Amino acid sequence: MTTPDKQNDIRCLRSLSFVVENPNWLANVLYTGLCLLSASVIPVLGQLVVIGYQFEIITALHTRSTPTYPNFETDRLSYYLTRGMWPFLSHLVVSLAFVLILLAVSPLAFWVAFQFGGGIGAVLALATAPLWIFALAVCTTPFWLRAGFSQTLGFDLAFARDFIARTWLALLLSSLFSLAVNLVLLFVGFSMFCVGACLTMAFASLMQSHLTWQAYEIYLARG
């Protein structure tokens, strides 16, 4: 297991090869995919289990406690579920805050669009939409990490500001990379019907664990 080479480096492609380094990677992807698939029957619970497993991976990478990353263990489902609850709630609350901000500024956005005309206004709206998506990804990460490590909601604004100030570029690059990879994986997954999409998204969730760990290590190195 290796850390980012430099304090400013985030190795996006490394997160792809990381997933298959575990000899049991296929089983880990399969179990993670089944959890995601179960969300179509029992909403949220499957996602909580996946988030809990992601934090098992992040913790193992940080402590160097395993040669690769830990296997998904079916007898630890309740533990994964419990550990994933707080990061999920933290992400939900921060996302809702972003929605409220969007609702607050939407009248101004409509006014600007009207002033520039329909066509230009639509272009401006399409241009700013990705900015909100990436801003959400950057801003939710420190709260998500804090909640997963502390097993509380993790609303430490001082930590969040410091984390974003030190890692915003790494978070932005990883978000761009994740978006591109997820689009490709979604296309591949849908070509294999719904089950295939769950498997490719499971692969993406393991990849995201490595990217998030890298951002955390960069933060610690800069701290």
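What counts and how
- Residues numbered from 1 in each chain as written.
- Predicted model: local features only at pLDDT ≥ 70, side-chain atom pairs only at ≥ 80, totals over all residues.
- Heavy atoms only, no water.
- Helix = DSSP H or I, 4+ residues; strand = E, 2+ residues; numbered from the N terminus.
- Buried < 20%, exposed > 50% of the residue type's maximum accessible area, 1.4 Å probe, protein only.
- Areas by Shrake-Rupley, 256 points an atom, 1.4 Å probe, with all protein chains shown as cover.
- Salt bridge = Lys/Arg side-chain N within 4 Å of Asp/Glu carboxyl O.
- Expected span 1.5 Å × (residues − 1).
- Arc of directions from axis to C-beta.
- Core = buried A, V, L, I, M, F, W, Y, C linked by side-chain atoms within 4.5 Å.
- Phe/Tyr/Trp six-rings, centres within 6.5 Å; stacked < 30°, edge-to-face > 60°.
- Lys NZ or Arg CZ within 6 Å of the ring centre and 35° of its normal.
- Contact = heavy atoms within 4.5 Å.

Quick look at the overall build of the chain
Here is step 1: Within the chain, the regular secondary structure consists of seven helices and zero strands.
Here is step 2: In the chain, the order of α-helices and β-strands from amino to carboxyl end is α-α-α-α-α-α-α.
Here is step 3: When the 223 residues of the chain are sorted by exposure, 39% land in the buried category.
Here is step 4: Looking at the chain as shown, the accessible area adds up to about 11800 Å², and 74% of this sits on carbon and sulfur atoms.

Here's the deal with the pattern of salt bridges
Here is step 1: Taken as a whole and assessed by the stated rule, the structure comprises five salt bridges.
Here is step 2: Here E56 ties to R76 by a salt bridge, and the two come within 2.5 Å at their closest N and O atoms. Of this pair, E56 sits in helix α3 (residues 45-63) while R76 sits in the loop between α3 and α4 (77-116), and the two are 20 residues apart along the sequence.
Here is step 3: The buried category is assigned to E56, whose relative accessible area is 13%.
Here is step 4: With relative accessibility at 26%, the residue R76 sits in the partly exposed group.
Here is step 5: Note that R146 is salt-bridged to D156, the shortest N-O span being 3.0 Å.

Focus on helix α2 (residues 25-38)
Here is step 1: With 14 residues, α2 extends 20 Å between its outermost C-alpha atoms, agreeing within 8% with the 20 Å of an ideal straight helix rising 1.5 Å per residue.
Here is step 2: Among the residues of α2, those classed as buried are N28, V29, T32, G33 and C35. For α2, the angular spread of buried residues about the axis comes to 155°, placing them on one side.

So, helix α1 (residues 12-19)
Here is step 1: Residues of α1 that are buried: C12, R14, S15, F18 and V19. Buried residues of α1, viewed axially, fall in a sector of 150°; they line one side.

What about the nonpolar core?
Here is step 1: Membership of the largest hydrophobic core comes to 38 residues, with the highest contact counts inside it found for V19, Y53, I57, Y69, F163 and L206.
Here is step 2: A per-element tally of this core places helix α7 (residues 193-222) first, with 11 residues.

Section: the packing of aromatic side chains
The geometry of an aromatic ring pair comes down to the distance between the two centres and the angle between the two planes.
Here is step 1: Under the definition given, this model contains 13 aromatic pairs.
Here is step 2: Each ring, one from Y53 and one from Y80, has its centre 5.6 Å from the other, and the planes form 55°; the classification is tilted. Pair noted here: Y53 is in helix α3 and Y80 is in helix α4, with a separation of 27 residues, a long-range link. A single burial state applies to Y53 and to Y80, both of which are buried.
Here is step 3: Taking 5.7 Å as the distance between ring centres and 85° as the angle between the ring planes, the aromatic pair formed by F55 and F149 counts as edge-to-face. On the criterion of sequence distance, the pair formed by F55 in helix α3 and F149 in helix α5 (residues 118-150) is long-range, its members being 94 residues apart.
Here is step 4: Within the aromatic cluster, the residues linked to one another by ring pairs are Y31, Y53, F72, Y79 and Y80.
Here is step 5: Across from the ring centre of Y79, 4.4 Å away, lies the NZ or CZ of R76, which sits over that ring.
Here is step 6: Residue placement shows R146 over the ring face of F159; its charged tip is 4.5 Å from the ring centre.

Some words on the environment of L145
Here is step 1: Within the secondary structure, L145 sits in helix α5.
Here is step 2: Owing to a relative accessible area of 0%, L145 belongs among the buried residues under this scheme.
Here is step 3: In this structure, the C-alpha to C-alpha distance between L145 and F55, residues 90 residues apart in sequence, is 8.5 Å.
Here is step 4: Residues contacting L145, with those up to four places away along its chain left out, are F55, F163, T212 and Y216.

Some thoughts on the environment of F72
Here is step 1: Looking at where F72 falls in the secondary structure, it is placed in the loop between α3 and α4.
Here is step 2: Residue F72 is classed as buried on the basis of its relative accessible area of 6%.
Here is step 3: Taking the C-alpha atoms as reference, F72 lies 9.5 Å from V50; in sequence the two are 22 residues apart.
Here is step 4: When sequence neighbours within four positions are dropped, the list of residues in contact with F72 reads N28, Y31, T32, C35, V49, Y53, L77 and Y80.

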